[in-house]
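Residues per chain, in single letters:
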Amino acid sequence: VSEGIGYGMLISVYMGDKTLFDGLYAYWVAKSTNGLMTWCQPGGGGNGSTGSSCSGGGSATDADEDVAWALVQAGKQWGGTYAASAATMISQIFTQDVDGSNFIKGGSNFGGTSLTNPSYFAPAYYRVFATIDTGHPWASVITASYNALNSIAGTFTGGLVPAWCSNSCASIG
């Protein structure tokens, strides 16, 4: 899944493994539409099957965010075209993964605030994204993320944010 590619890119950039980073990013690009990777790629193996299939399409926002962040870090570490690729991807994330009320969706083909995964919120990333992509209102995405987290905070116990929430996080999904 795209999240695995994102995790690998984060790890490889922080470990200074440019060869691995470039290989993972090449895979991402090859499996992307509009710069965002389709979240699930069919593969072989697993549970004795001869292959696996994926349901649904589009990107997964958490993966998109992690890959964009990894590209920002790669630009700082290695220079080259990584920063430009990050800027393009950050703009695409806003266009594809943010709904009309500046709320993070679950992915490019996902509905808006009717159901969302608050673990996809990455306001620290958005602060940096705002300095790179000045054409989109990332501050509004930060505000919407914190408002949603504050809204859901009173509906769960144990100190953990629920995996899913609905109605802009007014209730557990």
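Worth saying up front: this structure is predicted, and the values here are computed from it rather than measured. (Residues numbered from 1 in each chain as written. Predicted model: local features only at pLDDT ≥ 70, side-chain atom pairs only at ≥ 80, totals over all residues. Heavy atoms only, no water.)

Asker: Tell me about the overall build of the chain, residues and numbers included.
Answerer: Scanning the chain from terminus to terminus reveals 6 helices and 4 strands. Order of helices (α) and strands (β) in the chain, N terminus to C terminus: α-α-β-β-α-α-α-α-β-β. What you see for the chain is a C-alpha radius of gyration of 17 Å, in line with the 16 Å of a compact globule of 173 residues. When its C-alpha atoms are laid out on the principal axes, the chain stretches across 45 × 45 × 30 Å. For the chain, the residues scored as buried account for 42% of the 173 residues in total. Across the chain, the fraction of contacts at a sequence separation of at least 24, relative to all contacts at a separation of at least 6, is 56%. Of the accessible surface of the chain, which amounts to about 8200 Å², a share of 55% is contributed by carbon and sulfur atoms. Charged side chains in the chain number 5 positive and 10 negative. The centres of these two groups are separated by 5 Å. (Helix = DSSP H or I, 4+ residues; strand = E, 2+ residues; numbered from the N terminus. Rg over C-alpha atoms; globule rule 2.2 N^0.38 Å. Buried < 20%, exposed > 50% of the residue type's maximum accessible area, 1.4 Å probe, protein only. Contact = heavy atoms within 4.5 Å. Areas by Shrake-Rupley, 256 points an atom, 1.4 Å probe, with all protein chains shown as cover. Lys, Arg positive; Asp, Glu negative; His and termini not counted. Charge placed at Lys NZ, Arg CZ, Asp CG, Glu CD.)

Asker: Now, about the pattern of salt bridges: what can you tell me, with residues and values included?
Answerer: For the coordinates displayed, the defined rule picks out 1 salt bridge. The residue Lys18 makes a salt bridge to Asp22 at a minimum N-O spacing of 2.9 Å. Here Asp22 and Lys18 lie together in helix α2 (residues 18-30), a separation of 4 residues that amounts to about one turn. A relative accessible area of 28% places Asp22 in the partly exposed class. (Salt bridge = Lys/Arg side-chain N within 4 Å of Asp/Glu carboxyl O.)

Asker: Which residues make up the confidence of the model for the chain, and what are the values?
Answerer: Residue-level pLDDT values for the chain average 89, and 92% of them are 70 or greater. With pLDDT under 50 throughout, residues 45-50 is counted as low confidence; its partners more than four residues away or in other chains account for 3 contacts. (pLDDT = per-residue confidence, 0-100.)

Asker: Any details on helix α5 (residues 123-132)? Residues and values, ideally.
Answerer: What α5 keeps buried is the set Pro123, Tyr125, Tyr126 and Phe129. Buried residues of α5 fall within an arc of 135° about the axis and therefore sit on the same side. Relative to its buried face, α5 has exposed residues pointing more than 90 degrees away, namely Ala124 and Thr131. On its buried side, α5 packs onto α1 (2-15), α3 (61-78), α4 (82-97) and α6 (138-153). (Arc of directions from axis to C-beta.)

Asker: Describe a nonpolar patch on the surface, with residues and values.
Answerer: On the surface, Tyr7, Ile11 and Met15 cluster together into a nonpolar patch covering about 380 Å² of accessible area. One can find Tyr7 in helix α1. Judged by relative accessible area, which is 46%, Tyr7 ranks as partly exposed. (Patch = residues over 30% accessible without salt bridge, like charges linked within 9 Å, V, L, I, M, F, W, Y side chains within 5 Å.)

Asker: Please provide a residue-by-residue account of the side chain of Thr61, values included.
Answerer: Here Thr61 lies in helix α3. Within the structure, Thr61 has its side chain in polar contact with the backbone nitrogen of Gly107 (distance 3.2 Å). Leave out the neighbours within four places in its chain, and Thr61 touches Asp97, Ile104, Lys105, Gly106, Gly107 and Tyr120. (Polar contact = N/O pair within 3.5 Å; in protein donor to acceptor, adjacent residues only side chain to side chain.)

Asker: Account for the environment of Thr95, with residues named and values stated.
Answerer: Its place among the elements puts Thr95 in helix α4. Of the residues examined, Thr95 reaches a relative accessible area of 45% and is grouped as partly exposed.

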